[in-house]
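Coordinate inspection notes
Spelled out, the chains give:
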Amino acid sequence: MRIPKELEKLMTFGFFLCVDAFLYVFTLLPLRVLLALLRLLTLPCCGFSGSRLLQPAQVCDMLKGLILVLCFSMMHYVDYSMMYHLIRGQSVIKLYIIYNMLEVADRLFSSFGQDILDALYWTATEPKERKRDSIGVIPHFLMAVFYVFLHAILIMVQASTLNVAFNSHNKSLLTIMMSNNFVEIKGSVFKKFEKNNLFQMSNSDIKERFTSYVLLLIVCLRNMEQFSWNPDHLWVLFPDVFMVLTSEVAVDIIKHAFITKFNDITADVYSEYRASLAFDLVSSRQKNACTDYSDSVARRMGFIPLPLAVLLIRVVMSSVKVQGALSYTCVFLFYLGLVTLKVLNSIVLLGKSCVYVKRANMEDKLFEKPSTAPSSSAKSPSKADQATCPTPSGESKVEQIPVTPCSRPSSSSFSSVTTQPAPRTDLFPPPPTETSPAAPVSRPETPPAEAEQPAPSLSKEEAEEKEEEEEEEKEAQGASELKHRTPKKDLLEIDRFTICGNRID
């Protein structure tokens, strides 16, 4: 019974992360674009200082603003009413197939579009000293505009299909579309899932739930416009909206419950997923972060707010008529309310994220970020020492690895190397002494004869030293395996940190 509770905690946290990224497009992005334009206009007066006209973050904001303006102007040529009636004239089965194809195309567009936008931002903000061979900023920008326009049209077709299902008399299409959610249980429950795969599926479920909420909002706006904003019609739509939302939540709970049951995954894994998302948020709020949080959310969940924002602006502008000074005042107050909601949501999310990161004991990784380069450089000399020590000798791998053990028994090892030949040379001379008949030759060899007396003890010492050397070699092998394993772990941790949304320049 802990699965639904922990899952809904993760879904709620991820939903508000998507809300934060979505509100950023309407609230803070216009202000940042205005600040970037003011910087460009006041540049001749203030003087040019530095190698860049704009900061990399300001360049990305300008590109996002241009994409939104161009796509919004292109969406004016798409007639929503004609699309609605065109879809309504199709049969139920055909609409069901179309809706399934649109869901698959939405996922493909999201993954492909994020690559396009990343390529555009990287090409536009790449330093001149490290310019790579690419097609240029303008072709990438045109591809990004074309992608956002096509993705917005695809979401519009989805909203139109859902609107047709709401307005159908027998509600058969809505029932079929809801049953499509239960088909996901058949396709995912009986497959083997690891923790990473479950994390990816949870992120996609969060993104799908948020997208479905925005689609329902668009459907309600279009229906309320057709009925002249009659509040009684909203209560007519409420049962269908509640049924769609309930089916989404029920399907997610059943799917995750059976997946965790069949794959022996505990409910604590969802708190780890939540801590990972919180870590992304906290790391993106640091001073050395190069991206805003919307980019890291898009990378993690596959959520791109630009097409949804273009479509919502298009629907709101066509549904709500703004005329007169009072209407513009209401729009301005609504904008201030959105900014306030965005700021409050960001503050609450940041506080909750810090709590989740502390509970997961991941706060040390936040402070490791600036020291990643020094730590890697600090580790590299040790590896270089291990690599350079054996090269002149060219001996076996056992001698390449031990660094610390060699420093400890260095004096004993050198003494054993110097003393071992002495007893051996003293042991072999006695046969020649028997062959030599001269007695005076054997008398001056009294000091070696004294060395002959501890010869058996030296042999025991040799045996003990050999045993100690073998034990040290075994310990050195174990230490070397640990040394070879720990860098991989460190690299994985550094890799994971760089994936979390901090773009490396």
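Since we're looking at a predicted model, the values are computed, not measured. (Residues numbered from 1 in each chain as written. Predicted model: local features only at pLDDT ≥ 70, side-chain atom pairs only at ≥ 80, totals over all residues. Heavy atoms only, no water.)

1. So, the nonpolar core
- Grouped together as the largest cluster of nonpolar side chains are 104 residues, with contacts concentrated most on Ile67, Phe166, Phe303 and Leu306.
- When near neighbours in sequence (up to four residues on either side) are disregarded, Ile67 contacts Leu117, Leu120, Phe141, Ala144, Val145, Val148 and Leu306. (Core = buried A, V, L, I, M, F, W, Y, C linked by side-chain atoms within 4.5 Å. Buried < 20%, exposed > 50% of the residue type's maximum accessible area, 1.4 Å probe, protein only. Contact = heavy atoms within 4.5 Å.)

2. Section: a negative patch on the surface
- On the surface, a cluster of negative charge is made up of Glu467, Glu468, Glu469, Glu470, Glu471 and Glu473.
- Within the fold, Glu470 resides in helix H25 (residues 455–499). (Patch = residues over 30% accessible without salt bridge, like charges linked within 9 Å, V, L, I, M, F, W, Y side chains within 5 Å. Areas by Shrake-Rupley, 256 points an atom, 1.4 Å probe, with all protein chains shown as cover. Salt bridge = Lys/Arg side-chain N within 4 Å of Asp/Glu carboxyl O. Lys, Arg positive; Asp, Glu negative; His and termini not counted. Charge placed at Lys NZ, Arg CZ, Asp CG, Glu CD. Helix = DSSP H or I, 4+ residues; strand = E, 2+ residues; numbered from the N terminus.)

3. Quick look at the pattern of salt bridges
- Under the defined criterion, the tally for this structure stands at 12 salt bridges.
- Between Asp252 and Arg209 there is a salt bridge, and its shortest N-O distance comes to 2.9 Å. Highlighted residues: Asp252 in helix H10 (residues 231–262) and Arg209 in helix H9 (residues 195–226), separated in sequence by 43 residues. For the residue pair Asp252 and Arg209, the accessibility class agrees, reading buried in each case.

4. Side note on the confidence of the model for the protein chain
- Counting all residues, the mean pLDDT for the protein chain is 75, and 70% of those residues have values of 70 or more.
- Low confidence marks residues 369–429, where pLDDT is under 50. Its contacts with residues over four positions away, or in another chain, come to 35 contacts.
- Segment residues 431–458 is flagged for pLDDT under 50; beyond a separation of four residues in sequence, or across chains, it makes seven contacts in the model. (pLDDT = per-residue confidence, 0-100.)

5. Details of the packing of aromatic side chains
- Applying the stated rule across the entire model yields 13 aromatic pairs.
- Plain terms: the ring middles of Phe238 and Phe242 are 6.3 Å apart, the flat faces sit at 25° to each other, and that makes the pair stacked. Linking Phe238 with Phe242, this pair stays in helix H10, spanning four residues, or about one helical turn.
- Given the relative accessible area of 47%, Phe238 is considered partly exposed.
- Here Phe258 and Phe262 contribute two aromatic rings whose centre-to-centre distance is 5.8 Å and whose plane-to-plane angle is 40°, an arrangement assigned as tilted. With Phe258 and Phe262 both in helix H10 and four residues apart, this pair spans about one turn of that helix.
- On the basis of relative accessibility, which here comes to 42%, the residue Phe262 falls in the partly exposed class.
- Site record: aromatic cluster; members linked through ring pairs are Phe15, Phe16, Phe22, Phe26, Phe210, Tyr213 and Phe303.
- Directly above the ring of Tyr356 sits Arg274, whose terminal nitrogen or CZ lies 4.4 Å from the centroid. (Phe/Tyr/Trp six-rings, centres within 6.5 Å; stacked < 30°, edge-to-face > 60°. Lys NZ or Arg CZ within 6 Å of the ring centre and 35° of its normal.)

6. Brief notes about helix H13 (residues 305–319)
- For H13, which comprises 15 residues, the first-to-last C-alpha distance of 21 Å matches the rise-based estimate of 21 Å (1.5 Å per residue) to within 8%.
- In terms of residue burial, H13 counts as a mostly covered element, since 12 of its 15 residues are buried.
- Every buried residue belonging to H13 is among Pro305, Leu306, Pro307, Leu308, Ala309, Val310, Leu311, Leu312, Arg314, Val315, Ser318 and Ser319, and all of these are buried.
- Buried residues in H13 make contact with helix H1 (2–26), helix H4 (56–75), helix H5 (80–88), helix H6 (92–125), helix H7 (137–167) and H9. (Expected span 1.5 Å × (residues − 1).)

7. So, a positive patch on the surface
- Where like charges cluster on the molecular surface, the positive patch consists of Lys5, Lys9, Lys352 and Arg359.
- Assignment of secondary structure puts Lys9 in helix H1.

8. Topic: the side chain of Arg314
- For Arg314, the location among the structural elements is in helix H13.
- Asp79 is the oppositely charged side chain nearest to the buried, salt-bridge-free Arg314, at an N-O distance of 5.4 Å.
- Beyond its immediate stretch of four places on either side in the chain, Arg314 contacts Phe72, Met75, His76, Val78, Tyr80 and Met156.

9. Quick word on the environment of Leu174
- Considering the arrangement of structural elements, one finds Leu174 in helix H8 (residues 172–188).
- The class for Leu174 is buried, based on a relative accessible area of 1%.
- Once the C-alpha coordinates of Leu174 and Val164 are considered, the two residues, 10 residues apart in sequence, prove to be 8.6 Å apart.
- Not counting residues within four places of it along the chain, the set of residues in contact with Leu174 comprises Ala165, Phe166, Asp240, Met243 and Val244.

10. Side note on H9
- Taking 1.5 Å per residue as the helical rise, H9 with its 32 residues ought to reach 46 Å, and the 47 Å between its terminal C-alpha atoms agrees with that figure.
- Backbone geometry just downstream of H9 places Ser228 in the positive-phi region, at approximately 55°.

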